[in-house]
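Below, each chain spelled out in residue letters.
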Amino acid sequence: MSAARPFDIPRKLVAAAFRAVKSNAGGAGIDKETIGQFESKLGDNLYKIWNRMSSGTYFPPPVKAVAIPKKSGGERVLGVPTVSDRVAQMVVKMVLEPILEPVFLPDSYGYRPEKSALDAVGVTRKRCWKYDWVLEFDIKALFDNIEHGLLLKALDKHTDCKWVRLYIKRWLTAPLQLADGTLVQRTRGTPQGGVVSPLLANLFLHYTFDVWMTRTYPNAPWCRYADDGLVHCESMKEAQAIRAALEVRFAACGLTMHPAKTKIVYCKDANRAGTHDHTKFIFLGYEFRQRYVKNSKVDCMFTSFTAAVSPAALTAMRQKARRLNYRNRTDLSLQDIATKLNPILRGWIAYYGRFQPSALYPLYRHIDKLLVAWAMRKYKRFRGSWRQARLFIKEVSRKCPKLFVHWKPGMASASA
């Protein structure tokens with residue numbers, strides 16, 4: 001360290017941060033510089049970041065506001081930093097995350113290494129068998145409403161690294177630049193889309209919810225994935241009491257539970273008498289509800305409250321498959337389509353096929369129907385004959401069951 005560079009930041013750390021940013025991809029910020037353009041002058045660009053961060057003269061540029069549609073309707077505004085700023089944020093994240101990760105509680109799953117949404121779905125599934133009631137909650141506009149003072153107080157508790165604290169303060173107040181160039185100053189929140197923002201959101205909710213919930217209601221298991229959470233309760237009365245207390249707690253920390261996405265659910269199954277207004281809920285793309293499942297030990301069906309891919313997720317996958325427009329790509333062979341489509345299908349199956357994989361059969365049938373439509377356009381002999389084209393696809397699936405991932409034995413056969 002020196003007077004010119006009071007902060008000891010290894011240059012190797014900056015280089016590692018760039019590699020992490022590159023692997024995450026992402027678009028350009030307000031300077032319109034892409035990752036490729038940044039990399040074309042990599043040595044100079046990384047030196048500038050290191051030099052400015054080490055000297056304390058790094059100031060983040062405004063964050064580019066990008067509106068994206070929400071699944072539930074409306075828009076969500078993401079804040080897209082420049083590539084240089086993403087690298088700088090990654091430097092801080094790579095230092096701060098190993099400090100905070102041991103502090104976070106096991107039932108916090110979002111944006112954490114070695115934890116996944118499927119882990120959260122799995123633990124929720126088991127708890128729904130044990131507890132009759134679930135309080136499902138969603139925090140309204142979490143990233144926009146994080147209170148800076150409380151967040152910085154939590155940060156100071158876990159690190160005395162001056163440059164980490166300095167740059168996080170600067171990122172919290174970096175303005176948002178709208179499409180017309182207008183700058184919006186920020187006094188609350190952290191941009192959703194920033195590299196370090198998810199880590200800061202987890203830190204904020206660690207004290208706002210996780211620690212408070214564990215201390216206040218030690219007998220009510222909870223699960224949180226970012227701003228979506230569940231609390232398992234033994235009775236409706238307990239769920240109502242926790243909901244009321246949680247509303248007060250969130251309000252004290254500047255947050256609000258989303259009124260339309262927060263509800264108390266009865267985990268109705270064959271062994272639970274009575275009913276309730278809400279007997280199902282959706283969490284991380286899975287719908288939890290009463291359904292028939294097979295007991296493989298005694299080879300019989302029974303009713304259980306369990307999870308499977310949600311109708312909304314199925315609709316979204318079918319819509320994406322339709323938008324890919326392979327049904328009209330007569331320039332492609334069936335092998336070409338399989339090569340392009342299989343990676344997408346594998347991703348869907350890996351996530352939504354973990355629990356109740358048979359619930360994906362409607363998706364498989366939809367894919368096969370698109371292939372039948374492709375065959376009708378590709379080959380003159382099938383034009384106007386859905387039946388013949390369908391038989392053709394079924395025959396291909398029989399002869400080449402490994403061509404498409406959903407044709408493999410044990411999945412779903414071509415059944416358009």
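As the structure is a computational prediction, the values presented were derived from the model and not from experiment.

K.L.:
What am I meant to see in the pattern of salt bridges here?
P.N.:
A side chain of one charge can pair with a side chain of the opposite charge when the charged atoms of the two come close. This model, assessed by the stated rule, comprises 15 salt bridges. A salt bridge links Asp-331 to Arg-329, with the nearest nitrogen and oxygen atoms 2.9 Å apart. One network of salt bridges, with partners in common, ties together Lys-280, Glu-287, Arg-289 and Arg-291.

K.L.:
I tried to follow unusual backbone geometry on my own but got confused; where do I start?
P.N.:
Residues apart from glycine generally show negative phi values, whereas peptide bonds are mostly found in trans. Within the chain, Glu-114 stands out as a residue other than glycine whose phi angle is a positive 65°. In this fold, Glu-114 is placed in the loop between helix H4 (83–100) and helix H5 (117–130). With relative accessibility at 79%, the residue Glu-114 sits in the exposed group.

K.L.:
Just to check I follow, could you spell out the sheet that holds strand E4 (residues 176–177) for this structure?
P.N.:
Spatially, the four strands line up as an open sheet ordered E2-E1-E4-E5, and their pairing is mixed. At either end of the open sheet lies a strand with only one pairing partner, and these are strand E2 (75–80) and strand E5 (183–184). As paired strands, strand E1 (residues 63–69) and E4 are joined by two bridges and run parallel to one another. Residue pairing in the sheet places Val-63 in a bridge with Leu-176 of E4.

K.L.:
What is the right way to look at the packing of aromatic side chains in this model?
P.N.:
The geometry of an aromatic ring pair is captured by two quantities: the separation of the ring centres and the angle between the planes. Tallied over the entire structure, the rule returns 24 aromatic pairs. Between Phe-209 and Trp-222, the ring centres sit 5.4 Å apart and the planes meet at 80°, which makes this aromatic pair edge-to-face. One end of the pair, Phe-209, is in helix H9 (residues 197–216); the other, Trp-222, is in strand E6 (residues 222–225), with 13 residues separating them in the sequence. In terms of burial, Phe-209 and Trp-222 fall into one category: buried. The interplanar angle of 85° and the centroid separation of 5.8 Å between the aromatic rings of Trp-374 and Tyr-379 together place this pair among those described as edge-to-face. Looking at Trp-374, the relative accessible area reads 0%, which means it is buried. Following the ring pairs from residue to residue traces out a cluster consisting of Phe-137, Phe-209, Trp-222 and Phe-250. Over the ring of Tyr-109 we find Lys-115, and its NZ or CZ is 4.5 Å from the ring centre.

Reading guide: rules and limits
Residues numbered from 1 in each chain as written. Predicted model: local features only at pLDDT ≥ 70, side-chain atom pairs only at ≥ 80, totals over all residues. Heavy atoms only, no water. Salt bridge = Lys/Arg side-chain N within 4 Å of Asp/Glu carboxyl O. Helix = DSSP H or I, 4+ residues; strand = E, 2+ residues; numbered from the N terminus. Buried < 20%, exposed > 50% of the residue type's maximum accessible area, 1.4 Å probe, protein only. Pairing = 2+ DSSP bridges. Phe/Tyr/Trp six-rings, centres within 6.5 Å; stacked < 30°, edge-to-face > 60°. Lys NZ or Arg CZ within 6 Å of the ring centre and 35° of its normal.

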